[in-house]
Amino acid sequence: MTDLVEQDTRAMSVAVTKSRYQSEEFSARLRRRYAAERRFRIAGMLAVGIASLMLVVLLGSIVSKGYTAFWQAQIRLEVTLDKQQVEERNYTAIVRQALYAQVPAATDRATRRSLNDLLSSGAPYELEAMVNANPSIVGTTQTVWVRADDEIDQFMKGFIRRDVPESERRLSDVKITAIDALVANGSIRSTFNTTLFTAGDSREPEQAGILGAVVGSALTLVVTMLLSVPIGIAAAVYLEEFAPKNRWTDLIEVNINNLAAVPSIIFGLLGLAVFLGFFGLPRSAPLVGGLVMALMTLPVIIIASRVALKAVPPSIREAALGVGASPLQTVTHHVLPLALPGILTGTIIGMARALGETAPLLMIGMVAFIVDIPGGLTDSATAMPVQIYMWADSPERAFTERTSAAILILLAFLILMNGLAVFLRKKFERRW
């Protein structure tokens, strides 16, 4: 009897020890799992933080370099519009005489020749436009503000330092003395740069604007949207709702997915060979740019539209067919309206991608220097990303800030389009 009690006691002790060991092992395993989860959470937070920091650094760099482009130095002149000079269209002489009067110390010929560089080369044309708008001012003296040269503008913004030797800066001591004289009598100011938004491209930074590029991008997007949206949605509806499932449709689906990953420059080469080489369409035209962008965005729209159609529950189709609707009525009256938010989101994202593309447009010649604002689909034009590329390649310091300013404007358009996509998805989204 004593042996049995001892055996039971020993068995119970072993069971308790084993249970305690299993409990400790489970607790240790649980602690390791929680520790791994914390490390994973910390790693994720670090990744998000680093990505956010890089984004802040990038945006900060662009803003710090580009915000000054929204301001432009102007010089005040008291111009006497002599009738004979106006009739001879000698506005350059009128502007220079007014400038010399602002700096009385400039008496010798060499100094006055240096002063001529203070004004933008477009100042005489500004005066001529003012006279053409109001001919009655001929023979009077008018106070006008004209754009300063880009180097003067950079000096006023602090990008050209006066405390370095004259041989190491772009402005001579004579020009700096003249600028100080203009500042002293209030004849120079910094004002909002409306030219940046109302003019086309120019070789002179102070006269360069993005309006031509904005209009070119808008015309290109109009062509892209008119072609890619209806074709892409129709193709998605057919492939998802009506096409038989066989090897040919599988091949089409694989090719569509592959086209969505093709580098954009390939579409530019295709447009160069087909639209320009074979069909002979005009070079540098928004029409050709829109055709190329439509080819590039079609796969994106088709894939996004198919995903949106596939997200509609099958019960919707079955219910519509059950009450006597035809397959076409089922799609057009029930499935397509429910999938419309997802389709719109994919379409807007595709358009935003087309707005930011550069490589295809370079291949079809939209990198040309275009001063005039395009008035139609076949006029020569450029686009916002290409304009940024051309300005970034310019040697003048003033184009550096205009490049960053154009990037900010392009980012604003892209953020607006992506924000619109998110808004539409949230507004019309239905949860099943």
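- For the chain, the name recorded in an unreviewed UniProt entry is Phosphate transport system permease protein PstA, with Azospirillum aestuarii as its organism.

Description of the nonpolar core
- Membership of the largest hydrophobic core comes to 55 residues, with the highest contact counts inside it found for Ile210, Leu361, Ile364 and Trp391.
- Where this core is concerned, the elements lending two or more residues are helix H9 (211–242), helix H11 (264–278), helix H12 (286–310), helix H14 (327–355), helix H16 (384–392) and helix H17 (397–428).
- Excluding residues within four positions of it along the chain, Ile364 makes contact with Gly268, Gly271, Leu272, Leu276, Arg283, Ser284, Val288, Gly289 and Val292.
- In terms of nonpolar packing, the next biggest core, distinct from the first, is built from 33 residues, Ile75, Val86, Val95 and Leu99 among them.

Regarding the UniProt feature "domain: ABC transmembrane type-1" (unreviewed entry) in the chain
- Residues given the UniProt feature "domain: ABC transmembrane type-1" (unreviewed entry) here are residues 214–421.
- When the span residues 214–421 is considered, its composition is 77% helix and 0% strand, and the gap between its end C-alpha atoms is 21 Å.

Here's the deal with the packing of aromatic side chains
- Throughout the structure, instances matching the rule amount to five aromatic pairs.
- Taking 6.0 Å as the distance between ring centres and 85° as the angle between the ring planes, the aromatic pair formed by Trp71 and Phe192 counts as edge-to-face. Of this pair, Trp71 sits in strand E1 (residues 71–80) while Phe192 sits in strand E3 (residues 188–192), and the two are 121 residues apart along the sequence.
- According to the relative accessible area criterion, Phe192 is partly exposed, its value standing at 41%.
- Centroid distance Trp391 to Phe399: 6.0 Å. Interplanar angle 35°. Geometry classified as tilted.
- When its relative accessible area of 2% is taken as the criterion, Phe399 is described as buried.
- Among the aromatic side chains, those forming a connected cluster through ring pairs are Phe70, Trp71, Phe192 and Phe197.
- A cation over an aromatic ring shows up here: Arg189 above the ring of Trp145, its NZ or CZ 4.1 Å from the ring centre.
- Directly above the aromatic system of Phe159 lies the positively charged group of Arg397, at a separation of 4.0 Å from the ring centroid.

Quick word on the pattern of salt bridges
- For the structure shown, the criterion picks out 15 salt bridges.
- The partner of Glu240 in a salt bridge is Arg306, and the shortest N-O contact between them spans 3.0 Å. Highlighted residues: Glu240 in helix H9 and Arg306 in helix H12, separated in sequence by 66 residues.
- Note on Arg306: relative accessible area 12%, which makes it buried.

Parameters and conventions
- Residues numbered from 1 in each chain as written.
- Predicted model: local features only at pLDDT ≥ 70, side-chain atom pairs only at ≥ 80, totals over all residues.
- Heavy atoms only, no water.
- Core = buried A, V, L, I, M, F, W, Y, C linked by side-chain atoms within 4.5 Å.
- Buried < 20%, exposed > 50% of the residue type's maximum accessible area, 1.4 Å probe, protein only.
- Helix = DSSP H or I, 4+ residues; strand = E, 2+ residues; numbered from the N terminus.
- Contact = heavy atoms within 4.5 Å.
- UniProt positions renumbered as here; feature names shortened; annotations may be inferred.
- Phe/Tyr/Trp six-rings, centres within 6.5 Å; stacked < 30°, edge-to-face > 60°.
- Lys NZ or Arg CZ within 6 Å of the ring centre and 35° of its normal.
- Salt bridge = Lys/Arg side-chain N within 4 Å of Asp/Glu carboxyl O.

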